[in-house]
Amino acid sequence: MSLVNFPWPGGERRSIPALWLRDNCPCESCRVASTNEHRMLISSVPIDLEPVATTQVGDTVIVDWGDHVSRYSADWMAMIATQVARAHPMPRSWRAGFEPSRVDMAELDDRAATVAFLERFVTDGAAIITNTPTEPGSLVDIIRRWAPTLEVPFALVHDVFVDPAGYNIAHTAEALPPHNDMASRKHPPSGQVLHMLVNDADGGDSIIVDGFAVLAQLDEADLAVLSDVAVGFRQFSDTVETWATEPLVRRRSDGSFVSLRYSNQLLQPLDPANPTTASWYEAYHRLSTAMNDRANQTDFRLDGGDFLMLDAHRVLHGRAEFSPGTGQRHLQDVYFDSDDLRNELARLIGVER
Ligand SMILES: [Zn+2]
């Protein structure tokens, strides 16, 4: 592809692919000015496109493509450079000793306090609002300040208390190893709220794990097999079936992690005749050992009114066993998409239009 030597904001010149340049023409026939959407269709120009002539007038570069003329002002290129560099805050990994940020509900009427709180949620993957209302269902309006709720099979709002008729292990008083919810869906929710309404039972401390920090402790061979081999997860009730076969780990080409799927309770049997099963199990054993290593876990007690938000593709949650005879314990869950919250944060900070 032909490259065009072109001035880039900041002063230096860059070799820019001709198709990129043509695709980013700012004119009104190529863009919808009011929404800054593309109108130009890349397939409407030849793949071996080359400029006929390039001239500069003041701070504007004019490229003549033969059948079209593009004018790239310095202001336009500065906006493009901002878009190219756009990124969400990076995760900050943690292990034992980490304490999720806590903010009082009343402070979140303030925009700056809200921005600071959401930034800590995005970087840490976990944060707690204290002194929230404890009426059942109140979690929905709280999370909807920043992100729509995400409805999944079973229910919009999930009640977690001891229920002999419950459809999963959360409805017992047993300890729950760290997991993320809905591993049995191809797209598990990427955000989860755990809202404690009342916690008068002995035990039952909450446990959270930075799953990406755990994955970073595995070697490349283990990560490769956990990224390649799809395994089944299932959760069901009398009226609902959920089942998906997906790999535990998703990574980008630069090796950074997209998501971890981990649920000891919902894992389905792998085919023992498959030659990858043995190596998968060794990698899974090392992952599970690290996941349940106290050095990777942080724990704390959620009291009534505590509202724990998790970046659920990254941070896993569990709980210690509790004594149901000693008092009531009632938690509600609702899901959301962490992307929506990240982007609401970006909007609150101020996104360039
Ligand atoms: Zn144009």
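Residues numbered from 1 in each chain as written. Predicted model: local features only at pLDDT ≥ 70, side-chain atom pairs only at ≥ 80, totals over all residues. Heavy atoms only, no water.

Attention now moves to helix H6 (residues 220-228). Within the span of H6, buried status applies to Asp222, Leu223, Val225, Leu226 and Ser227. The elements touched by buried residues of H6 are helix H5 (211-215), strand E18 (249-251), strand E19 (257-260) and helix H7 (277-291). (Buried < 20%, exposed > 50% of the residue type's maximum accessible area, 1.4 Å probe, protein only. Helix = DSSP H or I, 4+ residues; strand = E, 2+ residues; numbered from the N terminus. Contact = heavy atoms within 4.5 Å.)

This part covers the sheet that holds strand E15 (residues 206-210). The strand order E12-E22-E15-E20 describes an open sheet built from four strands, whose pairing is antiparallel. Two strands in the sheet have a free side with no partner beyond their single neighbour: strand E12 (176-179) and strand E20 (297-300). Strand-to-strand twist of the sheet, defined as the mean angle between neighbouring strand axes without regard to direction, takes the value 20°. In this structure, E12 lies alongside strand E22 (residues 315-319), joined through two bridges in antiparallel fashion. Its bridge partner being in E22, Leu176 is matched across the sheet by Arg319. (Pairing = 2+ DSSP bridges. Axes fitted to C-alpha atoms, helices over the stretch in contact; angles between N-to-C directions.)

Taken together, Cys25 (SG), Cys27 (SG), Cys30 (SG) and His68 (NE2) make up the full set of protein donors to the zinc ion, lying 2.1 to 2.3 Å away. The site at the zinc ion holds four donor atoms, and with the angles between them running 103 to 115°, its shape is tetrahedral. Counting the intervening residues between successive donors of the zinc ion yields the motif C-x1-C-x2-C-x37-H. Taken together, the residues span a long stretch of sequence, with Cys27 in the loop between helix H1 (18-23) and strand E3 (31-32) and His68 in the loop between strand E6 (60-64) and strand E7 (69-72) at a distance of 41 residues. Taking the relative accessible area as the measure of exposure, Cys27 reaches 23% and is therefore partly exposed. (Donors = N, O, S within 2.8 Å, 3.2 Å for Na, K, Ca; no water. Tetrahedral: all angles 85-135°; square planar, octahedral: opposite > 155°, others 65-115°.)

This paragraph deals with the domain arrangement of the protein chain. In terms of domains, the protein chain is made up of domain 1 (3-85) and domain 2 (101-349). Taking only C-alpha atoms into account, the centre of domain 1 sits 44 Å from that of domain 2. (Domains from an automatic or database assignment.)

This part takes up the sheet that holds E7. Pairing between the strands of a sheet is mediated by backbone hydrogen bonds and can be parallel or antiparallel. Across the sheet, three strands lie side by side as E5-E6-E7; this open sheet has antiparallel pairing. One side of each edge strand has no neighbouring strand; the edge strands of this open sheet are strand E5 (53-57) and E7. For this sheet the average axis-to-axis angle between neighbouring strands, irrespective of direction, equals 20°. Note: E5 against E6, five bridges, orientation antiparallel. When the sheet's bridge partners are listed, Ala53 is paired in E6 with Asp64.

Inspection of every chain in the model, using the stated rule, returns 15 salt bridges. With a shortest N-O distance of 2.9 Å, Asp124 and Arg92 are connected by a salt bridge. Remark: Arg92 occurs in the loop between helix H2 (74-85) and strand E8 (101-104) and Asp124 occurs in helix H3 (residues 111-124); sequence separation between them is 32 residues. Residue class for Asp124 comes out buried when judged on its relative accessible area of 4%. Between Glu246 and Arg250 there is a salt bridge, with the nearest N and O atoms lying 2.5 Å from each other. One salt-bridge network, in which partners are shared between bridges, spans Lys186, Glu246 and Arg250. (Salt bridge = Lys/Arg side-chain N within 4 Å of Asp/Glu carboxyl O.)

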